[in-house]
Amino acid sequence: MALTAIGLCSRALIKIGATAITAFDEGTAEAEVAGALFEPARDALLSANAWSFATRQARLARLADDPVADYGAAFQLPADFLRALGAGSGGRGRGLDYRIAGRALHAASDAVVLTYVGRPAEEDFPAFFDQALIARLAAEFCIPLTESTSRAELLQRLAESEFRRARQIDALQDSQPGFEGFTLIDARG
């Protein structure tokens, strides 16, 4: 079952013994804490790994103003951009030298294809990521709602364990990249 932002927060609240919420603006302490901490925790967890379900590619639009130095062109980052994984030109999503500066990508190219971690809808998260995010949210919500540092430390360790588990599951969904352009392999023929 796909979970919404409210569903994810409610499950995290239940984990710490708090009351589930039905909306971020319902006026309870739980809703206030969840509303304040959900988006930063979600984005931090998404950014922490090159998740297969959150990896995207996009052709970037060139900006009118060029960078002042080092690169010849600036490109607009996608609205859902969280972290760059690589940039390329032509039909490739990597291999290009670039720099992220603010909300723009600078490169010495006329066209850029960016491979990046984006922000998918919560309903599109796989179950293994849901569990990691719920554990992370429970750790984040614990001190503001329970004032228990020992419980928060335990929940933080649990969240780190769920994160490692989720990364392992996600890694099994991709073929592993091989060596490209490695002279010893090329010499073998």
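Residues numbered from 1 in each chain as written. Predicted model: local features only at pLDDT ≥ 70, side-chain atom pairs only at ≥ 80, totals over all residues. Heavy atoms only, no water.

### Points about the overall build of the protein
Counting its secondary structure elements, the protein contains 5 helices and 6 strands. The order of helices and strands in the protein, counted from the N terminus, is α-α-β-β-β-β-β-β-α-α-α. Rg of the C-alpha trace for the protein: 20 Å, well past the compact-globule value of 16 Å for 189 residues, more than 25% over. Counting only C-alpha atoms and orienting by the principal axes, one finds that the protein spans roughly 60 × 45 × 30 Å. By the burial criterion, 41% of the 189 residues in the protein qualify as buried. Across the protein, contacts joining residues at least 24 apart in sequence account for 67% of those joining residues at least 6 apart. (Helix = DSSP H or I, 4+ residues; strand = E, 2+ residues; numbered from the N terminus. Rg over C-alpha atoms; globule rule 2.2 N^0.38 Å. Buried < 20%, exposed > 50% of the residue type's maximum accessible area, 1.4 Å probe, protein only. Contact = heavy atoms within 4.5 Å.)

### With respect to the state of the cysteines
Taken as a whole and judged by the stated rule, the model has 0 disulfides. Cys9 carries a free sulfur, and the closest cysteine sulfur to it, the one in Cys142, is 15 Å from it. Overall, the relative accessible area of 0% leaves Cys9 in the buried class. A residue is classified by how much of its surface remains accessible, and Cys142, at 0% relative accessible area, is buried. (Disulfide = S-S within 2.5 Å.)

### Quick word on the domain arrangement of the protein
By domain assignment, the protein separates into domain 1 (5–49 + 121–172) and domain 2 (56–118). Counting from both sides, the interface comprises 4 residues of domain 1 and, opposite them, 4 residues of domain 2. For the pair domain 1 and domain 2, the summed buried area comes to about 350 Å², and 56% of that belongs to carbon and sulfur atoms. By the criterion of area lost to domain 2, the three top residues of domain 1 are Leu46, Ser47 and Asn49, representing 82% of everything that side buries. Put simply, domain 1 and domain 2 have 0 salt bridges between them. Where domain 1 meets domain 2, there are 1 residue pair in polar contact (both at pLDDT 80 or more). Residue composition of the side of domain 1 that touches domain 2, by class: 1 nonpolar, 2 polar and 1 charged. (Domains from an automatic or database assignment. Buried area = accessible area lost by both parts, 1.4 Å probe. Salt bridge = Lys/Arg side-chain N within 4 Å of Asp/Glu carboxyl O. Polar contact = N/O pair within 3.5 Å; in protein donor to acceptor, adjacent residues only side chain to side chain. Nonpolar A, V, L, I, M, F, W, Y, C, P; charged D, E, K, R; others polar.)

### Description of unusual backbone geometry
Phi angles above zero are rare outside glycine, and Asp70 is one such case at about 75°. A positive phi angle, near 60°, is found at Glu147, a position not held by glycine. By secondary structure assignment, the location of Glu147 is in the loop between helix 3 (127–146) and helix 4 (149–171). Taking relative accessible area as the criterion, Glu147 reaches 69% and is therefore assigned exposed.

### Quick look at the packing of helix 1 (residues 5–15) against helix 2 (residues 29–47)
Between helix 1 and helix 2, whose axes approach to 11 Å, the crossing angle comes to 120°. The hand of the helix 1/helix 2 crossing is right-handed. Note on element contacts: helix 2 touches helix 1 through Glu30, Ala34 and Phe38, opposite Ala5, Leu8, Cys9 and Leu13. In terms of residue class, the contact of helix 1 with helix 2 is made up of 6 nonpolar, no polar and 1 charged. (Axes fitted to C-alpha atoms, helices over the stretch in contact; angles between N-to-C directions. Left-handed = near helix turned anticlockwise from the far one by under 90°.)

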